[in-house]
Amino acid sequence: MLKESIDKLITELGLESLGEDEKYQVIAQITEHLNQVMIDTLTSNLNAEQLARFEQLTALDDAEKMDEGIAQLTAEVPNIHFKIEEAIEHEMNSLKSAKQVMDK
């Protein structure tokens, strides 16, 4: 889902003509930013116990266990997928608006 959204954003921003290195850097920055939007959306919808579990999971050295734990935690939050999609859509619209302003 995220990759498709980023590819669509790159096209809508008119950045598909960038060189491979520049395009890779832009994609990496957008990916990092949208990942943070997802994390912020998730954590703002967690109760205190869930937030403590999230913090424990993010401290793990085992990426696979961390991913599994966060997936399980995410499944406990009602409608979180809709909230994350909405947050990503909002952020993508903000990025498009910022690009339009910069192009003027």
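Please refer to the structure higher up on the page.
The notes below deal with the structure included here. (Residues numbered from 1 in each chain as written. Predicted model: local features only at pLDDT ≥ 70, side-chain atom pairs only at ≥ 80, totals over all residues. Heavy atoms only, no water.)

1. Here's the deal with the overall build of the protein chain
Part 1 of the reasoning: Tallying secondary structure elements over the protein chain gives five helices and zero strands in all.
Part 2 of the reasoning: Its helices and strands taken in sequence order, the protein chain reads α-α-α-α-α from the N to the C terminus.
Part 3 of the reasoning: With the C-alpha coordinates of the protein chain rotated into their principal frame, the extents come out at 45 × 25 × 20 Å.
Part 4 of the reasoning: Out of the 104 residues belonging to the protein chain, those deemed buried represent 28%. (Helix = DSSP H or I, 4+ residues; strand = E, 2+ residues; numbered from the N terminus. Buried < 20%, exposed > 50% of the residue type's maximum accessible area, 1.4 Å probe, protein only.)

2. Details of helix α5 (residues 80–103)
Part 1 of the reasoning: With 24 residues, α5 extends 34 Å from end C-alpha to end C-alpha; this agrees with the ideal 34 Å at 1.5 Å per step.
Part 2 of the reasoning: Buried within α5 are the following residues: Ile-80, Ile-84, Ala-87, Ile-88, Glu-91, Met-92 and Lys-96.
Part 3 of the reasoning: In the core, the buried residues of α5 are packed alongside α1 (2–12), α2 (20–44) and α4 (63–75). (Expected span 1.5 Å × (residues − 1). Contact = heavy atoms within 4.5 Å.)

3. Quick notes on α1
Part 1 of the reasoning: By the burial criterion, the buried members of α1 are Leu-2, Ser-5, Ile-6, Leu-9 and Ile-10. Viewed end-on, α1 has its buried residues packed into an arc of 135 degrees, placing them on one side of the element. Relative to its buried face, α1 has exposed residues pointing more than 90 degrees away, namely Lys-3 and Glu-4.
Part 2 of the reasoning: Once α1 ends, the next one or two residues include Gly-14, with phi positive near 70 degrees. (Arc of directions from axis to C-beta.)

4. A few points about the side chain of Glu-91
Part 1 of the reasoning: The topology assignment puts Glu-91 in helix α5.
Part 2 of the reasoning: The charged side chain of Glu-91 is buried without a salt bridge, its nearest counter-charge being Lys-96 at 12 Å.
Part 3 of the reasoning: Once residues within four sequence positions are removed from consideration, Glu-91 is found in contact with His-33, Leu-34 and Val-37. (Lys, Arg positive; Asp, Glu negative; His and termini not counted. Salt bridge = Lys/Arg side-chain N within 4 Å of Asp/Glu carboxyl O.)

5. Considerations on the packing of α1 against α2
Part 1 of the reasoning: Running from N to C, α1 and α2 point in directions that differ by 130 degrees, and their axes come no closer than 10 Å. Classed by the angle they form, the pair α1 and α2 counts as oblique. Between α1 and α2 the crossing geometry is right-handed. Touching Leu-2, Ile-6, Leu-9 and Ile-10 of α1 are Lys-23, Val-26, Ile-27, Ile-30, Thr-31, Leu-34, Asn-35 and Met-38, all from α2.
Part 2 of the reasoning: Residues belonging to the contact of α1 with α2 are distributed by class as follows: nine nonpolar, two polar and one charged. (Axes fitted to C-alpha atoms, helices over the stretch in contact; angles between N-to-C directions. Parallel < 35°, antiparallel > 145°, perpendicular 65-115°, else oblique. Left-handed = near helix turned anticlockwise from the far one by under 90°. Nonpolar A, V, L, I, M, F, W, Y, C, P; charged D, E, K, R; others polar.)

6. Here we look at unusual backbone geometry
Part 1 of the reasoning: You will see that Asn-79, though not glycine, has its phi angle at about 60 degrees, which is positive.
Part 2 of the reasoning: Mapped onto the elements, Asn-79 comes out in the loop between α4 and α5.

7. Some points on the packing of α2 against α5
Part 1 of the reasoning: Relative to each other, α2 and α5 sit at 140 degrees, their axes nearing to 9 Å. Taken together, α2 and α5 sit at an angle that is classed as oblique. The handedness of the crossing between α2 and α5 comes out as right-handed. Between α2 and α5, the residues in contact are His-33, Leu-34, Val-37, Met-38, Thr-41 and Leu-42 and Ile-80, Lys-83, Ile-84, Ala-87, Ile-88, Glu-91 and Met-92, respectively.
Part 2 of the reasoning: By residue class, the composition of the contact of α2 with α5 is nine nonpolar, two polar and two charged.

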